[in-house]
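Given next are the chains, with one letter for each unit.
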Amino acid sequence: MNTHLGIIGTKLGMTQLFLENGELLPCTVVQAGCIVVGKRTQEKDGYDAIILGLGEAKEKRTSKAVRVAFEKVGQKAPRVTRELRLDAATVAGYEIGQAVKVEDVFEEGQLVDVQGRSKGAGFQGVMKRHNFKGAKSSHGAHEWKRHGGSIGTNTTPGRVLPGKKMAGQHGNRIVSVLNQRIAKVIPEKQLILIEGVVPGSKQSIVRVQGAVKKSGGKKKA
């Protein structure tokens, strides 16, 4: 589990940076601006975490129970919420209503893990969904060019085994991309530029945290 501090933000799209050596660097732009709308503590909940909120939900799309729960802590119901598991010291350093600024969390060159929901491609066949080769189109083959082939087994066990790669829903799932580098931090606009691509379409919500599997995931003190 990633317990590094991070932010939730909106994926604005892609841009490019020119390095000093003339190299062109493709980057994804993420707009931050989240605030702390709740906290979890070891004494009350059994673990430590902060709840980040982004944007403001429309009143007609918010139930009374949710609206009242946020009013009790002096906050308006956010459009999006995400919970980040952190250590007790980090959680204690933030108060409800406090903004989590990108310059306090990230620095240029830092490695981060990015999580988002991938673009949905609807119902797809095995060639697009699983990169199947497809069947041959010669020697009497007929209408089987893009089929998946046999899915059964012999008498034993006589059934389709679980996990068989078949046609079905493609995309539209939570995807995490690890060890991407922060190319640039723009504090005045609360923007971060991440090298390469991140999951999701434009205006989708992404979570960015310090990398958990490699050193360099935390901002240097």
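Residues numbered from 1 in each chain as written. Predicted model: local features only at pLDDT ≥ 70, side-chain atom pairs only at ≥ 80, totals over all residues. Heavy atoms only, no water.

Regarding the pattern of salt bridges
Pairing of side chains with opposite charge becomes possible as their charged atoms draw close.
Part 1 of the argument: On inspection of all chains with the given rule, the structure shows two salt bridges.
Part 2 of the argument: Measuring nitrogen to oxygen at the nearest pair gives 3.5 Å for the salt bridge that ties Glu 83 to Arg 40. Separated by 43 residues along the polypeptide, Glu 83 in strand S5 (residues 80-85) and Arg 40 in strand S3 (residues 35-40) bring together distant segments of the chain.
Part 3 of the argument: According to the relative accessible area criterion, Glu 83 is partly exposed, its value standing at 29%.
Part 4 of the argument: In this structure, the salt-bridge partner of Glu 56 is Lys 76, at a minimum N-O distance of 3.9 Å. Placement of Glu 56 in the loop between strand S4 (49-54) and helix H2 (64-71) and of Lys 76 in the loop between H2 and S5 is noted, with a sequence separation of 20 residues between them. (Salt bridge = Lys/Arg side-chain N within 4 Å of Asp/Glu carboxyl O. Helix = DSSP H or I, 4+ residues; strand = E, 2+ residues; numbered from the N terminus. Buried < 20%, exposed > 50% of the residue type's maximum accessible area, 1.4 Å probe, protein only.)

Some thoughts on unusual backbone geometry
Part 1 of the argument: Cis geometry marks the peptide bond from Thr 156 to Pro 157, where omega comes out at 5°.
Part 2 of the argument: One can find Pro 157 in the loop between helix H5 (126-130) and strand S8 (168-171).
Part 3 of the argument: Despite not being glycine, Asn 131 has its phi angle at roughly 60°, a positive value.
Part 4 of the argument: Along the polypeptide, Asn 131 turns up in the loop between H5 and S8.
Part 5 of the argument: Judged by relative accessible area, Asn 131 falls into the exposed class, the value being 67%.
Part 6 of the argument: Non-glycine residue His 139 carries a positive phi angle of around 60°.
Part 7 of the argument: Residue placement: His 139 occurs in the loop between H5 and S8.
Part 8 of the argument: In this structure His 139 comes out as exposed when scored by relative accessible area, which is 75%.

Some words on the pairing of strand S6 (residues 111-117)
Residues in a regular strand point their side chains to alternate faces of the sheet.
Part 1 of the argument: Counting buried positions along S6 yields five of seven residues, so the element is predominantly enclosed.
Part 2 of the argument: Relative to strand S9 (residues 174-186), S6 runs antiparallel, the two sharing six bridges. Residue pairing for S9: Leu 111 is matched across the bridge by Arg 181.
Part 3 of the argument: Pairing analysis gives five bridges linking S6 to strand S11 (residues 205-210), with the strands arranged antiparallel. For Val 112, the partnering residue across the bridge sits in S11 and is Gly 210. (Pairing = 2+ DSSP bridges.)

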